[in-house]
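Architecture at a glance
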Amino acid sequence: MSRLPTTFAANAAAGRASLVTFVTAGDPDPETSLAIVKALPGAGADVIELGMPFSDPMADGPAIQWSSMRALKAGMTLKGTLALVATFRKTDAQTPIVLMGYYNPIYVYGVARFLADAREAGVDGLIVVDLPPEEDDELCLPALAAGLNFIRLATPTTDDARLPAVLANTSGFVYYVSITGITGAATPDFSKVSAAVARIKRHTALPVAVGFGVKTPEHAAAVAQGADGVVVGSALVETIRTSLDGAGKATEGTVAAVTSLVRGLADAVKAVRK
Amino acid sequence: MLHARPNERPNSFRTGPDENGRFGLFGGRFVAETLMPLILDLQKAYEAAKGDPAFQAEMASMLTHYVGRPSPLYFAERMTEHLREVAAASGLSGGAKIYFKRDELNHTGAHKVNNVLGQILLARRMGKKRIIAETGAGQHGVATATLCARYGLQCVVYMGAVDVERQKPNVFRMKMLGAEVVPVTSGSKTLKDAMNEALRDWVTNVAETFYCIGTVAGPHPYPAMVRDFQCVIGNETRAQMMEAEGRLPDSLVAAIGGGSNAIGLFHPFLDDPSVEIFGVEAAGHGLSSGLHAASLTGGRPGVLHGNRTYLLMDEDGQIQDAHSISAGLDYPGIGPEHAFLHDAGRVTYLSATDDEALAAFQLCAKLEGIIPALEPAHALAKVMELAPKKPRDHLMVMNLCGRGDKDIFTVAEHLGGM
């Protein structure tokens, strides 16, 4: 049973948006990555979005590309990502975890085996960037059958005619991509985000989280006005990067740098009463 | 399409892809949602253009007067004689009659322009003003920059920083033609990273940008569309061979990176069972070295750049770098239709090493007075193996898909500065 609906519903009932934080599994190394993930809920993250590192992240900007490279260089694999989730679950049974990434590592791992192992590890949902509704047979329908949420991205190019197809097999929440572009690049026009969320909400009862280009507590507060969730990713992995030493290794300040940013984002999101 | 009678070749090999862009297991549309509406638009626009006589007439006129088609089908007499001597030396009486399809004589020096012309005319029909492309060796980039100059369109070419360095003359050519060349510094800084970066550009600049893909890869409809534009090679070959010899060729040989020149030659012959077909991948330092670009021989099925196909990757599904002396073959994947033809057994896929390609490159220059690109030199390396074993009346066609001017410095370096 996915933890996502409960979390979004509880925060909505409390009159606030949910904070979704993205980090890449294994960045900058498996041990530090686990420490970061464990510290996220305490810092105010409501949902953890965990990147499955991939060599060719075509929809991501430089920040997440580099973070993927750091993780792979440190030996992270899809198996390692699932193990990280399983370890996290030993001490946290509440915080929803969504795995985000690209299809090839999952396809190579084997879809049935992946879904079984992900469930076993305590994963709640999946976001797979390069699987549009046209390819639902590949992973989306088997994931739903296995009891995992499949979270779809809706974008500014997803018009009203196409939205129903995009939403048809979406569950957990809808991830609205606030810009046409890659992660961490442009800053969205926040004045248009509320209208975009409202458009999607006309087609679905699911919560709508907004991401891409949300970098600061001010951005997060602006998005929280109109959305049910705020997704922050590139800013967090950039914080990891700038905390590393000259050899690219984690320092004593790495985990604290991330939690400090998350705390600021969480405060900003919670301050927006709805 | 072949209309099969009961109990006789029940399937045509030429009907793919299906409505979902699949060639059997391969192909598809594995792209981000932002691009999906664009790809559906492109598919509609291409279907409409394909059936529009005005579009076809414009293509035909430009192919004749601008590209310089048809390219000759040339009887490579001295290569034929040489390989018959090789056969005789090993006690064989045969040696195939070898023809070169001279696509290196096209404007811009390779087959790439056939496809670019089609896509640029389509972009114009769709009202797109900005063209982006990825390039490895620079041949597709040069062809795209050329047609953009011809039609006054903005052109941005993504090229791995490593390739920018090793293909400087082509970078200069593109700039002369008015294109912006963007060196890509992410990942391995070669062709696959250039394609990633082009996709990132496309997802950002959706409204007026047309992505001109250089090979039979990417999401549907690209593999089918690029193939259709390249089929001019095989269609001409068919007619030219009928005129020269009064019958179809017995075998076809072509080099494969993504596989666009090969599918262009092969496709019109796929349903002629008498025609043997050989694709040649780049084996780099040898398949056992791990440093190669032979996706079919050394890879397995995966999903990258919008389609499912054979890929070079590690056990975790991370894409590995390809290695080849030829920058044009230096790609860790292959067009999905080749993956299908491989699994179906219709085409035999071989591979040639860097050294074999270098030997063929030199032999072609000396015997025929033609300096081939390193890409078709891989195909020629396998012609040199196959032809001596065939009878004298065997007609073998090799696609000489590019000229070697761009490669002379690379070759000189490998041969010790000759």
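From a predicted model like this one, the values you see are computed outputs, not experimental measurements. (Residues numbered from 1 in each chain as written. Chains lettered and ligands numbered in written order. Predicted model: local features only at pLDDT ≥ 70, side-chain atom pairs only at ≥ 80, totals over all residues. Heavy atoms only, no water.)

Now for the overall build of chain A. Scanning chain A from N- to C-terminus turns up twelve helices and nine strands. In terms of C-alpha radius of gyration, chain A reaches 17 Å, essentially the compact-globule figure of 19 Å for 274 residues. Expressed along its principal axes, the backbone C-alpha trace of chain A runs to roughly 50 × 40 × 35 Å. Relative to its full complement of 274 residues, chain A shows a buried share of 63%. Considering only contacts in chain A between residues 6 or more positions apart, those separated by 24 or more positions represent 72%. When the accessible area of chain A is evaluated, it comes to approximately 9600 Å², of which 56% is carbon and sulfur surface. (Helix = DSSP H or I, 4+ residues; strand = E, 2+ residues; numbered from the N terminus. Rg over C-alpha atoms; globule rule 2.2 N^0.38 Å. Buried < 20%, exposed > 50% of the residue type's maximum accessible area, 1.4 Å probe, protein only. Contact = heavy atoms within 4.5 Å. Areas by Shrake-Rupley, 256 points an atom, 1.4 Å probe, with all protein chains shown as cover.)

For chain B, the helix and strand inventory stands at 16 helices and 14 strands. The C-alpha atoms of chain B give 20 Å as radius of gyration, which agrees with the globular expectation for 418 residues (22 Å, within 12%). Dimensions of chain B, computed from the C-alpha atoms along their principal axes, are close to 65 × 60 × 50 Å. For chain B, the share of sequence-separated contacts (at least 6 apart) that also reach a separation of at least 24 residues comes to 74%. Carbon and sulfur atoms form 52% of the exposed surface of chain B, whose accessible area is close to 14800 Å².

Assignment of secondary structure puts Glu 104 of chain B in the loop between strand E4 (97-101) and helix H4 (112-125). Setting aside residues no more than four positions away along its own chain, Glu 104 of chain B makes contact with Gly 109, Ala 110, Ile 370, Leu 400, Cys 401, Gly 402 and Arg 403 of chain B.

This structure, assessed with the given rule, holds 39 salt bridges over all chains. Notably, a salt bridge pairs Lys 192 of chain B with Asp 193 of chain B, separated by 3.4 Å at the nearest N-O pair. You can call Asp 193 of chain B buried: its relative accessible area is 1%. One salt bridge connects Asp 405 of chain B with Arg 403 of chain B, and the closest N-O pair in it is separated by 3.6 Å. A relative accessible area of 47% means that Asp 405 of chain B is categorised as partly exposed. One network of salt bridges, with partners in common, ties together Glu 135 and Glu 138 of chain A together with Arg 22 and Arg 308 of chain B. (Salt bridge = Lys/Arg side-chain N within 4 Å of Asp/Glu carboxyl O.)

Attention shifts here to the nonpolar core. Note that soluble globular proteins tend to have their nonpolar side chains buried in a common cluster. Tyr 175 of chain A together with Leu 122, Trp 202, Tyr 211 and Phe 266 of chain B are the most contacted members of the largest nonpolar core, which has 119 residues in total. Discounting residues that sit within four places of it in the chain, Trp 202 of chain B has contacts with Leu 35, Leu 38, Ile 39, Ile 132, Thr 209, Tyr 211 and Tyr 222 of chain B. Among the nonpolar cores identified, the runner-up in size contains 75 residues, and Ala 17, Val 37, Phe 114 and Ala 121 of chain A belong to it. (Core = buried A, V, L, I, M, F, W, Y, C linked by side-chain atoms within 4.5 Å.)

Let us now look at the packing of H4 of chain B against helix H5 (residues 139-151) of chain B. Residues and elements named next belong to chain B. The geometry of H4 relative to H5 is characterised by a closest axis approach of 9 Å and an angle of 40° between their N-to-C directions. Viewed along their axes, H4 and H5 adopt a mutual orientation that is oblique. Where H4 crosses over H5, the handedness of that crossing is right-handed. Only Gln 139, His 140, Ala 143, Thr 144, Leu 147, Cys 148 and Tyr 151 of H5 make contact with H4, whose side of the interface consists of Lys 112, Val 113, Asn 115, Val 116, Leu 117, Ile 120, Leu 121 and Arg 124. (Axes fitted to C-alpha atoms, helices over the stretch in contact; angles between N-to-C directions. Parallel < 35°, antiparallel > 145°, perpendicular 65-115°, else oblique. Left-handed = near helix turned anticlockwise from the far one by under 90°.)

Looking along the chain, the bond that leaves Asp 27 of chain A and enters Pro 28 of chain A is cis, with omega of 0°. Relative to the helices and strands, Pro 28 of chain A resides in the loop between strand E1 (18-24) and helix H2 (30-43). Phi at Lys 189 of chain B is positive, roughly 60°, even though this residue is not glycine. Here Lys 189 of chain B lies in the loop between strand E7 (180-184) and helix H8 (191-204). By relative accessible area, Lys 189 of chain B is classed as partly exposed at 33%.

With that settled, consider the environment of Glu 33 of chain B. In this structure, Glu 33 of chain B sits in the loop between strand E2 (26-30) and helix H1 (36-50). On the basis of relative accessibility, which here comes to 6%, the residue Glu 33 of chain B falls in the buried class. Expressed as a C-alpha distance, the spacing of Glu 33 of chain B and Val 203 of chain B, which sit 170 residues apart in the sequence, is 9.3 Å. Beyond its immediate chain neighbours, meaning those up to four positions away, Glu 33 of chain B contacts Val 129, Pro 132, Pro 133, Leu 153, Ala 154, Thr 155, Thr 157, Thr 158, Arg 162 and Val 166 of chain A.

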